[in-house]
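In case you want the letters, here they are:
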Amino acid sequence: MRPMHRTIAAAFLGLCLAAPPAPADELLDWIAALSSPEAETRREAIRGLQGLGQAAAAAEGALFAALDRAEDAEIEDLVWALHAVHPDSGAPVDPGRVRALLLARDRMDIKAEWAAGDVLHRLGTGLPELLAILVSDRDPAVGRAAVRFLAGEETAIAAQRAPLVACLSRNDLRIHAALALGRHGAEAVPHLVTGLVDEAPSFRVAVAQGLARIGPAAGHASLALDRALGDPDREVRLAVVEALGGIGPAAAGSVGSLARIVEGDDTHLAERAAAALGKIGPAAAPVARAVIELLADDETEFLAREGLLGMGGPAGPALLGALRDPRAPVRFRSIEVLARIGREALAASAALPGRSEDADPAVHALVEALDQGGSCLRRDASLVLGWFGPLARSSVPALVRAQGDELDLAWKASESALTQIGPAVPSALPELLSLVESDHESIAAWACWAIGRMGRDAREATGPLVGALEDRRPRVRNWAADALGRLGPGAAGATGAIRAALHRETDPGVAESLRWALGGVGG
């Protein structure tokens, strides 16, 4: 049983165990009613026992007996009742009860199927071994039910393999047998791979799904799967794509074939192929450009991103190239992928600019994202711009504009980018001055700090910085004083204002910065 299912079952059983013991007379009445000729009386008895939970554990045998003779309309209720009353057992499983539940599962909806499966797992020890025997049961219905049950199991034992392989030759069993063999690892691959050329498309699909379940251990089936990508049936091709993705890096030989599917007209198949390429990993990076094309379409962009992320750093050159794409969705989504891959997207890239003019097209696209995108895109664009360092100087005004709201996701990223790029360029001064009076202390203080790092090129900021010396926030006053000192003698006209600010300043740290500023401006 799956972990989530175990959790749900445990919670349900906990509630049942908390119920008080059922009165003996009431329990006997419900058990007797299970044999009533009246369907409504039987149904009431089943639900009554279910409501008693494990307090009605003594009714388990009667419920199983009722299951053997039940009408279709009663089967699901009986299974839910068994699910409620049956405790975990450490005794060997009863073959008769296993048969009854397996047959019942074939006559109910998926929720009740799960309940029946859970009861099967709680019947006792030795269930996997018994299932291996029941696959070949003399009753064909039991064999079918056993194979179908194994097809949904998460684990398998070796004793089940030979009976399941024998079932591959039976038309009524082979689809579920192929799925069940998907839990048997590399040993099952030779038995499955021949089914990729079977005449029945439904069986070819099941074989591919079985190989997908095996995953990386099915690597030696990659060549056969690659050939099967040309299958005339679309559902088969789709299952084969998923299988190659499940195999992962060992399917690197199919990169070219998957890329051709990505470039095809079937968008659903293309996006699945893109995801499979991502699971193959860095070896698929040479075809990253084909996957990037899917970023243009809202229906395919999600799996395209996942595919590119799976390729990792080696997809960096193609993603950087996509920043020159005329389509905004491609540019912006490429930025998001680059940011998630990280700096390694540039580290392995021959496209890492060596001159500022080489960086211009990429920086232009990143600035566009800063000006037009939402918070997440601006954050990602800021992150990538920081990787360019001083070559992204032309982006400084846009990065400064991104500092306008410290609650914005882009704020910290843009601050980091500006630090990596270095001192702001003079063209960014108007934006910096507009931030000096920001209501957000962090932004106003940072703007003063950044102006100071521009040095004498920012002399026209003297007036606003003098005004900031009267700010109510010590942190802003401190960095305004520091900036004035860095402007040098060109800010000598501020000497009087600095002395006056020093005279009234009560914060020792700010006072120290003001004294330093006087020395810087020559006062």
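Structural notes, computed from the coordinates. (Residues numbered from 1 in each chain as written. Predicted model: local features only at pLDDT ≥ 70, side-chain atom pairs only at ≥ 80, totals over all residues. Heavy atoms only, no water.)

Points about the overall build of the protein
Condition: Counting from the N terminus, the helices are DSSP H or I runs at least four residues long and the strands are E runs at least two residues long. In this description the radius of gyration comes from C-alpha coordinates, and the expected globular size is given by 2.2 Å times residues to the power 0.38. Partly exposed describes any residue whose relative accessible area lies between the buried limit of under 20% and the exposed limit of over 50%, with all areas from a 1.4 Å probe on protein chains only and scaled to the type maximum. Residue-level accessible areas treat just the shown protein chains as cover; the underlying method is Shrake-Rupley with a 1.4 Å probe. Positive charge is attributed to Lys and Arg, negative charge to Asp and Glu, and no charge count is given to His or to the chain ends. The location of each charge is read from NZ of Lys, CZ of Arg, CG of Asp or CD of Glu.
Secondary structure summary: the protein contains 32 helices and 0 strands in total. Taking 523 residues into account, the globule formula puts the C-alpha radius of gyration at 24 Å, and the protein, at 35 Å, lies well above it. By its C-alpha atoms, the protein is 105 × 60 × 35 Å across when sized along the principal axes. In the protein, which comprises 523 residues, the proportion classed as buried is 54%. Surface accessibility of the protein: about 22,700 Å² in total, with carbon and sulfur atoms responsible for 55%. Positive and negative side-chain charges in the protein, numbering 52 and 68 respectively, have mean positions lying 5 Å apart.

Examining the nonpolar core
So the rule is basically this: Among buried residues, the Ala, Val, Leu, Ile, Met, Phe, Trp, Tyr and Cys ones that are joined through side-chain atoms within 4.5 Å form a nonpolar core.
Ranked by size, the top nonpolar core spans 178 residues in total, and within it Leu67, Leu101 and Leu211 carry the most contacts. It is helix α28 (residues 441–454) that provides the largest number of residues to this core, a total of 9 residues.

Let's talk about the side chain of Asp231
Selection criterion: Definition of a polar contact: a pair of N or O atoms within 3.5 Å, with one able to donate and the other able to accept a hydrogen when the atoms are protein atoms, and with sequence-neighbouring residues admitted only if both atoms are side-chain atoms.
Relative to the assigned elements, Asp231 resides in the loop between α14 (222–228) and α15 (234–247). From its side chain, Asp231 meets the backbone nitrogen of Asp233 in a polar contact 2.8 Å long.

A few points about the pattern of salt bridges
Stated formally: The term salt bridge refers to a pairing of a side-chain nitrogen on Lys or Arg with a carboxyl oxygen on Asp or Glu at a separation within 4 Å.
Under the defined criterion, the tally for this structure stands at 36 salt bridges. In this structure, Glu74 engages Arg42 in a salt bridge whose closest nitrogen and oxygen atoms are separated by 2.7 Å. Of this pair, Glu74 sits in helix α5 (residues 72–85) while Arg42 sits in helix α3 (residues 39–52); the two residues are 32 residues apart in sequence, bridging distant segments of the chain. The pair formed by Glu74 and Arg42 is uniform in burial state, with each residue classed as buried. Three or more residues are tied together by salt bridges with common partners; here these are Asp298, Glu301, Arg305, Arg333 and Glu336.

A look at helix α17 (residues 267–280)
How we decide: A helix is expected to reach a length of 1.5 Å times the quantity of its residues less one.
Spanning 14 residues, α17 covers 20 Å between terminal C-alpha atoms, matching the ideal 20 Å at 1.5 Å per step. Most of α17 is tucked away, with 10 of its 14 residues classed as buried. All buried positions along α17 are accounted for by Leu269, Ala270, Glu271, Ala273, Ala274, Ala275, Ala276, Leu277, Gly278 and Ile280. Between the side-chain oxygen at the start of α17 and the backbone nitrogen of His268 there is a gap of 3.3 Å, and the oxygen is on Asp266.

Quick notes on the packing of aromatic side chains
Note on aromatic pairs: each is described by the distance of the centres and the angle between the planes. Formally: Think of it this way: a Phe, Tyr or Trp ring, Trp meaning its six-membered ring, pairs with another when their centres are within 6.5 Å, and the plane angle makes it stacked under 30 degrees, edge-to-face over 60, tilted otherwise. The rule is short: NZ of Lys or CZ of Arg within 6 Å of the ring centre and within 35 degrees of the ring normal puts a charge over the ring.
Summed over the entire model, instances satisfying the criterion amount to 1 aromatic pair. Note on Trp80 and Trp114: the rings are 6.3 Å apart at their centroids and 45° apart in plane angle, and the pair reads as tilted. Remark: Trp114 occurs in helix α7 (residues 110–122) and Trp80 occurs in helix α5; sequence separation between them is 34 residues. Geometry around Phe203 places Arg174 over its ring, the cationic atom sitting 4.2 Å from the centre. Stacked on the ring of Phe332, the Lys or Arg Arg331 has its end atom at 5.9 Å from the ring centre.

What about the packing of helix α4 (residues 60–69) against α5?
Stated formally: Structural elements are reduced to axes, namely lines fitted to C-alpha atoms, with helices fitted over the stretch in contact, and the angle between N-to-C directions of any two is expressed from 0 to 180 degrees. These descriptions rest on fixed angle ranges, namely under 35 degrees for roughly parallel, over 145 for roughly antiparallel, 65 to 115 for roughly perpendicular, and the rest for oblique. Should the near helix be turned anticlockwise from the far one by less than a right angle, the crossing is left-handed, and should it be turned clockwise, the crossing is right-handed. Should any heavy atoms of two residues lie within 4.5 Å, those residues are considered in contact. Think of it as three bins: nonpolar holds Ala, Val, Leu, Ile, Met, Phe, Trp, Tyr, Cys and Pro, charged holds Asp, Glu, Lys and Arg, and polar takes everything else, Gly as well.
In the contact formed by α4 and α5, the axes pass within 10 Å of each other and the chain directions differ by 160°. With respect to α5, the element α4 is oriented roughly antiparallel. The crossing of α4 and α5 is left-handed. Residues Glu60, Leu63, Phe64, Ala66 and Leu67 of α4 pack against Ile75, Leu78, Val79, Ala81, Leu82 and Val85 of α5. Its residues assigned to classes, the contact of α4 with α5 shows 10 nonpolar, no polar and 1 charged.

Some remarks on α15
Between its first and last C-alpha, α15 extends 20 Å over 14 residues, near the 20 Å set by a 1.5 Å rise per residue. Burial analysis of α15 places 10 of its 14 residues in the buried class, the great majority of the element. Those residues of α15 not exposed but buried are Val236, Arg237, Leu238, Ala239, Val240, Val241, Ala243, Leu244, Gly245 and Ile247. Contacts from the buried residues of α15 go to α13 (201–214), α14, α16 (255–262) and α17. The opening residue of α15, the one whose side-chain oxygen lies 2.9 Å from the backbone nitrogen of Glu235, is Asp233. Positive phi shows up at Gly248, right after α15, with a value of about 80°.

Limitation: the analysis is restricted to geometry and does not speak to function.
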